[in-house]
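Spelled out from the first residue to the last, the chains are:
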Amino acid sequence: MLDWVADPQIWIGFLTLVALEIVLGIDNIIFISILAGKLPPEQRDRARVLGLGAALVSRLLLLLGLSWVVQLTAPLFEVFGHEISGRDLILLLGGLFLLGKSVTEIHHNMEAPHDKDGKKAAAVSFTSVILQIMVLDIVFSLDSVITAVGMVDELGVMIAAVVVAVVVMLFASGPISRFVDSHPTIKMLALAFLVLIGVMLVAEGLDQHIPKGYIYFAMAFSVVVELLNIRVRSRNAKREASASKMK
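Quick look at the structure, then. Predicted model only: the values in this text are computed from it and were never measured.

This part is about the pattern of salt bridges. Inspection of every chain in the model, using the stated rule, returns two salt bridges. Two residues, Asp45 and Arg48, come together in a salt bridge whose shortest N-O distance is 1.9 Å. Taken together, the residues Asp45 and Arg48, both in helix α2 (residues 41–64) and three residues apart, mark about one turn of the helix. Ionic pairing is found between Arg233 and Glu226, a salt bridge with its closest N-O pair at 3.0 Å. Classification of Glu226 by relative accessible area gives buried; the value is 13%.

Turning our eyes to something else, we now look at the pairing of strand β1 (residues 75–79). In summary, the side chains of a regular strand alternate between the two faces of the sheet. Examined bridge by bridge, β1 and strand β2 (residues 82–85) share four bridges and lie antiparallel to one another. Across the sheet, residue Phe77 finds its bridge partner in β2, namely Ile84. Hairpin connection of β1 to β2: two residues between the antiparallel strands, including Phe80 at a positive phi of 55°.

Its 22 residues place the ends of helix α7 (residues 184–205) 32 Å apart at the C-alpha level, agreeing with the 32 Å of an ideal helix rising 1.5 Å per residue. Phi turns positive one or two residues past the end of α7, at Asp207, with a value near 65°.

Another aspect to go through is the nonpolar core. Ile30, Leu98, Leu194, Ile197 and Leu201 are the most contacted members of the largest nonpolar core, which has 38 residues in total. Put simply, the parts of the chain that give this core at least two residues each are α1 (8–36), α2, α4 (86–111), α5 (126–151), α6 (155–182), α7 and α8 (212–246). Once residues lying within four places of it in the same chain are set aside, the contact partners of Leu98 are Phe31, Leu136, Phe140, Leu194, Ile197, Gly198 and Leu201. In this structure, Ile10, Phe14, Leu17 and Val157 belong to the second largest nonpolar core, which totals six residues.

Right, let's talk about the environment of Leu89 for a bit. Structurally, Leu89 can be placed in helix α4. Judged by relative accessible area, which is 32%, Leu89 ranks as partly exposed. Sequence separation between Leu89 and Leu76 is 13 residues, and the spatial gap between their C-alpha atoms is 9.7 Å. In contact with Leu89, not counting residues within four places along its chain, are Leu76, Phe77 and Ile84.

Cut-offs applied
- Residues numbered from 1 in each chain as written.
- Predicted model: local features only at pLDDT ≥ 70, side-chain atom pairs only at ≥ 80, totals over all residues.
- Heavy atoms only, no water.
- Salt bridge = Lys/Arg side-chain N within 4 Å of Asp/Glu carboxyl O.
- Helix = DSSP H or I, 4+ residues; strand = E, 2+ residues; numbered from the N terminus.
- Buried < 20%, exposed > 50% of the residue type's maximum accessible area, 1.4 Å probe, protein only.
- Pairing = 2+ DSSP bridges.
- Expected span 1.5 Å × (residues − 1).
- Core = buried A, V, L, I, M, F, W, Y, C linked by side-chain atoms within 4.5 Å.
- Contact = heavy atoms within 4.5 Å.

Everything listed is a geometric property; what it means functionally is a separate question.
This is the structure in structure tokens:
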């Protein structure tokens, strides 16, 4: 019954799936980090853990309902000659929600006042943050589970890969969140990425496939450029500080 455990092909598929799940989860980590950053510092870690916990639960529930996931790709109706499935509807609604939320966050970061501690003046409900995270978890989980179903046949391997990927994301989310919070330009860049991902989800929902490799490459390239900018600004600040001390 467990002969697949000793099959090297299964382990190759498992490791590949873990890597893909982590890559697909980057969007989720960014979104959770930005929303958790709106909460008081003492609540942020709990929000990240609950958010990623919700992501794990939604992925596992979708995996256990494989027959339902497969049915989501079946056409429900047509609009202007385009067949719309349950998956398309979820991607469309999720993409529009992500677009609206990202644009709102960009506007809020540019216009909203801050207090002396750098916290947002507007109060944010812990419950509302968790609910928003859970809504997007469903959308991101759907893409993740469909990828898992297409790569591996064994349900146990899928579940194990998803659990390992979420655990890795859980440990990575803390440093990523703190880095994003401490660098406003990185946060704005992350929000711009979410706008891009929202557009991609809407396009996917309309059967316009955009290779994710292009998007992730653009994200990685932009992050590297911004990291170089941060390094240059840090060096210039140190030089100015040492020059002022010498005076």
